There are 4 protein chains.
Amino acid sequence: MSMREREAAVLPGKGESMPDLIDCRLNRDSFMPLYQQIKNWLLYKIEAGQFAEGDGIPSEVDFSRSLDVSRATVRQAFYELRLEGHVTRDKGRGTFVSPRKQP
Amino acid sequence: MSMREREAAVLPGKGESMPDLIDCRLNRDSFMPLYQQIKNWLLYKIEAGQFAEGDGIPSEVDFSRSLDVSRATVRQAFYELRLEGHVTRDKGRGTFVSPRKQP
Amino acid sequence: MSMREREAAVLPGKGESMPDLIDCRLNRDSFMPLYQQIKNWLLYKIEAGQFAEGDGIPSEVDFSRSLDVSRATVRQAFYELRLEGHVTRDKGRGTFVSPRKQP
Amino acid sequence: MSMREREAAVLPGKGESMPDLIDCRLNRDSFMPLYQQIKNWLLYKIEAGQFAEGDGIPSEVDFSRSLDVSRATVRQAFYELRLEGHVTRDKGRGTFVSPRKQP
DNA sequence: GTGGTCTAGACCACT
DNA sequence: GTGGTCTAGACCACA
């Protein structure tokens, strides 16, 4: 899936504000699973540099509360991002944006 | 983790019988997560050829009932096996042993 | 179809007890599809107030097991009840009796 | 430590009401560690029969929020109660009052 | 009746 | 107070 498709799925339209933290909007009527929408939003934020290398990103519980989804749904998004190398997760510390190869 | 370590964690000792289906024994006092024990048992079975290529393997619910664990725990084992290419999973059909490369 | 016809199709005869849960009796020799019999039984229960507004009703699996029918059969009954506005279904939570409009 | 001493440390004074849930009061100026105060409160409740055998008791998070202490603090109380055989803890299920030996 | 998604929690290991 | 494991269910998409 292209970055453009991801954007269309969950991001605010042109002209809307883009505050710093969890401004993710979920479309609960979409064909796309909620965890995938969260994953896409995070990928967009990371690729756009809004969560920079080494930065901590909001916790599972932050997302769970902000988006009113269960923690398991958030976890699936985070889990796949870790598998794909976009973030690292440290028990007891948090989730961090991975360094990019050859920036 | 070596195949030998996996075996030690969840498999019956020498001399014990090895019936066909879900003879997996979980050690609930182990440091090793239950889903990892299930994954190891499956890997052993696949590598030992007891679930052959193209074979269907028991369903999530079969494992869940046989081992008295929740379906989510079984799923994590199956999910990782799929990511690592050991099995394929078809919605509505089942889980199958992947073909090996250059056997 | 009138409530009376529905009743004749799947409900216990007069004088039989009417316990709380799935006392639905299917007539497998009937011209009427099984899913329709289930739907009728549910409509009767709802209209009779035995599943009140906001109440959760038994799950797909409950019906499937109790009646020894496939889940797809149960789903068709639930699906039509949702389309007709008699119930709402929340993923991961359950199926609930819809509020009536101006009773 | 006697039951009377425990009581003095964390329980409401005479004449105060004793509601059902987490009415534990911590004395943050006490020489006694917070985890010990929590442990004492729980022991009092169990011995007084307010959490009966087999009952589930409030979760780590319940205590942590109600008392505004870290979860590690609550855990230490629960941990010692488990070591001493007063409660059992089941992952994913909860914490339960242990049966007494020959009462 | 399978695998896929989701809920609403719990306890566990660690910082 | 984080991420990790687990429970015990639910409904959904598909065959």
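Further up the page is the structure itself.
In this text, all values refer to a predicted model and were calculated from it rather than measured experimentally.

Asker: Which residues make up the protein's contact with DNA strand F, and what are the values?
Answerer: Neighbouring DNA strand F are 44 residues; A:R71, A:T95, B:L34, B:T73 and C:R71 lie closest to it. Across the atoms of DNA strand F situated within 4 Å of the protein, the share located in sugar and phosphate is 69%. Between a phosphate oxygen of DNA strand F and a main-chain N or O atom of A:E60, the distance comes to 3.0 Å. C:G92 is positioned with one of its backbone polar atoms (N or O) 3.5 Å from a base nitrogen of DNA strand F. Residue classes in the surface near DNA strand F are distributed as seven nonpolar, 13 polar and 24 charged.

Asker: Please set out the protein's contact with DNA strand E residue by residue, giving values where relevant.
Answerer: Near DNA strand E you find 42 residues, and of these A:L34, A:T73, B:R71, B:T95 and D:R71 are the closest. Measuring from a base nitrogen of DNA strand E, one finds a side-chain N or O atom of D:R71 at 2.6 Å. With four residues, helix α4 (residues 71-83) of chain A is the largest single contributor of residues to the surface near DNA strand E. Of the residues assigned to the surface near DNA strand E, the class counts are six nonpolar, 13 polar and 23 charged.

Asker: Now, about the packing of aromatic side chains: what can you tell me, with residues and values included?
Answerer: Tallied over the entire structure, the rule returns 13 aromatic pairs over all chains. Seen from their ring centres, B:W41 and B:F63 are 5.7 Å apart, and the 75° between their planes marks the pair as edge-to-face. On the criterion of sequence distance, the pair formed by B:W41 in helix α2 (residues 34-47) and B:F63 in helix α3 (residues 60-67) is long-range, its members being 22 residues apart. The residues B:W41 and B:F63 share a single accessibility class, namely buried. One aromatic cluster in this structure is built from A:W41, A:F51, A:F63 and A:F78.

Criteria and cut-off values
Residues numbered from 1 in each chain as written. Chains lettered and ligands numbered in written order. Predicted model: local features only at pLDDT ≥ 70, side-chain atom pairs only at ≥ 80, totals over all residues. Heavy atoms only, no water. Near = heavy atom within 4 Å. Polar contact = N/O pair within 3.5 Å; in protein donor to acceptor, adjacent residues only side chain to side chain. Nonpolar A, V, L, I, M, F, W, Y, C, P; charged D, E, K, R; others polar. Helix = DSSP H or I, 4+ residues; strand = E, 2+ residues; numbered from the N terminus. Phe/Tyr/Trp six-rings, centres within 6.5 Å; stacked < 30°, edge-to-face > 60°. Buried < 20%, exposed > 50% of the residue type's maximum accessible area, 1.4 Å probe, protein only.

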